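Chain by chain, the residues run as shown.
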Amino acid sequence: MASPRDGGVVILGSGLIGQSWAMLFASGGFKVKLCDIEQQQITNALENIRKEMELLEQSGALKGSLGAQEQLSLISGCSDMQKAVEGAIHIQECVPENLELKKKIFVQLDPVIDDKVVISSSSSCLLPSKLFAGLTHVKQCIVAHPVNPPYYVPLVELVPHPETDPSTVDRTHALMKKIGQTPIRIQKEIDGFALNRIQYAIISEAWRLVDEGVVSPSDLDLVMSDGLGMRYAFVGPLETMHLNAEGMLSYCDRYSESMRHVLKTFGPIPEFSGATVQKVNQAMCEKVPDDPQHLAARRKWRDQCLLRLYKLKREMPSE
Ligand code: NAI
């Protein structure tokens with residue numbers, strides 16, 4: 001757990017992702033300053049965090065070794081970004097996904113930060129070479145992309161700028177581990193990083209199968225939720241290959257030809273428009289009507305499932 005001499009963390013943007021980061025850093029014992037341009041948003045964010053932490057504590061799912069009240073006392077709101085970053089060890093930017101807005105913030109920070117603090121962006125898909133271009137402190141800049149909801153899904157993709165110092169990557173990796181997340185290193189920048197590239201490959205083939213009338217939208221989702229997804233929560237696709245034969249070499253020997261045969265039949269990138277959108281939308285709305293109440297209730301259920309899965313993963317011995 002962090003001690004006061006470890007220094008504090010600043011979160012820029014107190015929306016959905018900023019609030020989750022604030023809770024995660026507080027669970028690791030770090031002092032957190034939560035900044036936003038909207039004063040009312042800071043007030044709302046602090047209230048959401050308080051309610052969420054109290055519920056988590058009641059259900060025995062609060063992360064870290066401190067109680068909810070102790071964690072809450074580590075988080076404070078702040079509207080003066082430049083003042084907030086004084087003496088911070090880590091700045092986690094969580095403003096909306098807009099390149100110009102993010103760049104403007106980094107350009108404002110560049111002259112006021114010291115040579116040690118890490119500037120980390122939560123961006124889902126903006127490349128570090130675009131986000132941090134021309135900054136004096138580019139060696140201290142990195143993307144740390146979380147997965148929604150970050151409190152229950154621990155993966156964080158670390159994506160350096162080509163000029164990011166290796167020590168920045170190492171420090172961010174260590175910090176993420178300290179707050180209970182699972183950092184991975186993306187060794188060179190690429191559109192979509194790793195998670196979204198894999199996610200989009202899955203969405204693409206799912207769409208084509210529905211589009212071509214091979215499977216209904218609701219059955220397609222079961223392929224993942226009651227099929228592949230069950231094992232992928234514990235064992236990744238490469239280890240699955242290793243286990244589904246007598247090791248990886250045996251798997252490639254046995255199945256590479258049939259895999260290549262199937263892969264050659266994959267169609268082009270879908271347009272995600274026209275009659276297939278209507279078909280998929282109708283099936284989804286029959287299951288979860290797309291009004292705010294039903295969507296919020298289903299998200300809450302999803303988060304409860306992820307919370308239980310997170311607990312199960314922690315309880316299971318690693319072998
Ligand atoms: P959001 O819209 O919920 O929150 C953004 C917050 O930033 C708002 O409170 C807004 O008032 C504040 N803000 C706007 N301009 C600001 C400024 N100049 N200074 C300080 N605060 C400012 O956005 P969300 O969903 O939290 O996303 C934040 C980042 O995290 C984006 O880059 C997004 O791509 C990334 N991300 C989002 C995920 C998601 O599922 N929502 C998942 C992973 C990453």
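Just so it is clear, the model here is predicted, and its values are computed rather than measured.

## Concerning the overall build of the protein
Link 1 in the chain: Within the protein, the secondary structure is distributed over 13 helices and eight strands.
Link 2 in the chain: Taken against the 2.2 N^0.38 rule, which gives 20 Å for 319 residues, the C-alpha radius of gyration of the protein at 22 Å falls within 12% of a compact globule.
Link 3 in the chain: Here the C-alpha coordinates of the protein stretch approximately 60 × 45 × 45 Å along the principal axes.
Link 4 in the chain: Here the protein holds 319 residues, and the buried ones make up 40% of them.

## Structural notes on the packing of aromatic side chains
Link 1 in the chain: Within the structure shown, the criterion is met by six aromatic pairs.
Link 2 in the chain: Ring geometry for F25 and F30: centres 6.2 Å apart, planes at 90 degrees, overall edge-to-face.
Link 3 in the chain: With 5.0 Å between their ring centres and 65 degrees between their planes, W207 and F272 make a pair best called edge-to-face. Placement of the pair is W207 in helix α8 (residues 195-211) and F272 in the loop between α11 (248-263) and α12 (275-287), with a sequence separation of 65 residues.
Link 4 in the chain: Among the aromatic residues, ring-to-ring pairing joins W21, F25 and F30 into one connected group.
Link 5 in the chain: Here the guanidinium or amino end of K63 rests over the ring plane of Y151, the centre of that ring lying 4.9 Å away.
Link 6 in the chain: Positioned over the ring face of F234 is K313, at 5.3 Å from the centre of the ring.

## Concerning the packing of helix α1 (residues 16-27) against helix α2 (residues 39-58)
Link 1 in the chain: Contact geometry for α1 and α2: axes closest at 10 Å, N-to-C directions at 50 degrees. Relative to α2, the element α1 is oriented oblique. Between α1 and α2 lies a crossing of right-handed hand. Contacts from Q19, A22, M23 and A26 in α1 reach Q41, A45, N48, I49, E52, M53 and L56 in α2.
Link 2 in the chain: For the contact of α1 with α2, the residue count by class is seven nonpolar, three polar and one charged.

## Some words on the site of the ligand
Link 1 in the chain: In the vicinity of the ligand, 22 residues are found, and the nearest of them are I17, D36, E97, K102 and S124.
Link 2 in the chain: Contact distances for the ligand include 2.5 Å between an oxygen atom and a side-chain N or O atom of E97.
Link 3 in the chain: Against a free-state accessible area of 850 Å², the protein chains account for coverage of 76% of the ligand.
Link 4 in the chain: Elements that contribute at least two residues to the shell around the ligand include exactly α1, α5 (99-109) and β6 (141-146).
Link 5 in the chain: Here the residues of the shell around the ligand sort into nine nonpolar, nine polar and four charged.

## Considering the sheet that holds strand β7 (residues 155-160)
Link 1 in the chain: Reading across the sheet, the eight strands line up as β3-β2-β1-β4-β5-β6-β7-β8 and stay open at both edges, with mixed pairing between neighbours. One side of each edge strand has no neighbouring strand; the edge strands of this open sheet are β3 (75-78) and β8 (182-185). Pairwise comparison of adjacent strand axes, ignoring direction, gives a mean angle of 25 degrees for this sheet.
Link 2 in the chain: Here strand β1 (residues 8-12) runs beside strand β4 (residues 88-93); their pairing, made up of five bridges, is parallel. By the bridge assignment, V9 is partnered in β4 with H90.

## Some words on the UniProt feature "site: Important for catalytic activity" (unreviewed entry) in the protein
Link 1 in the chain: Feature annotation in UniProt places "site: Important for catalytic activity" (unreviewed entry) on H145, given in this structure's numbering.
Link 2 in the chain: In this structure, H145 sits in strand β6.
Link 3 in the chain: A distance of 2.8 Å separates the side chain of H145 from the side chain of E157, its partner in a polar contact.

## Notes on unusual backbone geometry
Link 1 in the chain: In this structure, the amide linkage connecting N148 to the following residue, P149, adopts the cis form with an omega of -5 degrees.
Link 2 in the chain: You can see P149 is positioned in the loop between β6 and β7.
Link 3 in the chain: Phi is positive for F193, close to 50 degrees, though the residue is something other than glycine.
Link 4 in the chain: Of note, F193 is situated in the loop between β8 and α8.
Link 5 in the chain: Positive phi is not limited to glycine here, since F272 has a value of about 55 degrees.
Link 6 in the chain: A relative accessible area of 37% places F272 in the partly exposed class.

## Let's talk about the domain arrangement of the protein
Link 1 in the chain: Domain parsing of the protein yields domain 1 (4-185) and domain 2 (195-272).
Link 2 in the chain: Of note, the centres of domain 1 and domain 2, computed from C-alpha atoms alone, are 34 Å apart.

## Here's the deal with the packing of α8 against α12
Link 1 in the chain: Two numbers describe how α8 lies on α12: the axes approach to 10 Å, and their chain directions differ by 100 degrees. Taken as axis vectors, α8 and α12 run roughly perpendicular relative to one another. Packed against α8, whose contacting residues are W207, V210 and D211, the element α12 presents T276, V277, K279 and V280 at the interface.
Link 2 in the chain: A class-by-class count of the residues in the contact of α8 with α12 yields four nonpolar, one polar and two charged.

## So, α5
Link 1 in the chain: Those residues of α5 not exposed but buried are K102, I105, F106 and L109. Within α5, the buried residues cover an arc of 95 degrees as seen down the axis, which keeps them to one side. Exposed and oriented more than 90 degrees from the buried face of α5 are E100, K104 and V107.
Link 2 in the chain: Packing partners of the buried residues in α5 comprise β1, α4 (81-84), β4, β5 (118-121) and α6 (128-131).
Link 3 in the chain: Taking the backbone nitrogen of E100 as reference, a side-chain oxygen 3.0 Å away marks N98 as the first, capping residue of α5.

Calculation rules
Residues numbered from 1 in each chain as written. Predicted model: local features only at pLDDT ≥ 70, side-chain atom pairs only at ≥ 80, totals over all residues. Heavy atoms only, no water. Helix = DSSP H or I, 4+ residues; strand = E, 2+ residues; numbered from the N terminus. Rg over C-alpha atoms; globule rule 2.2 N^0.38 Å. Buried < 20%, exposed > 50% of the residue type's maximum accessible area, 1.4 Å probe, protein only. Phe/Tyr/Trp six-rings, centres within 6.5 Å; stacked < 30°, edge-to-face > 60°. Lys NZ or Arg CZ within 6 Å of the ring centre and 35° of its normal. Axes fitted to C-alpha atoms, helices over the stretch in contact; angles between N-to-C directions. Parallel < 35°, antiparallel > 145°, perpendicular 65-115°, else oblique. Left-handed = near helix turned anticlockwise from the far one by under 90°. Contact = heavy atoms within 4.5 Å. Nonpolar A, V, L, I, M, F, W, Y, C, P; charged D, E, K, R; others polar. Near = heavy atom within 4 Å. Polar contact = N/O pair within 3.5 Å; in protein donor to acceptor, adjacent residues only side chain to side chain. Areas by Shrake-Rupley, 256 points an atom, 1.4 Å probe, with all protein chains shown as cover. Pairing = 2+ DSSP bridges. UniProt positions renumbered as here; feature names shortened; annotations may be inferred. Domains from an automatic or database assignment. Arc of directions from axis to C-beta.

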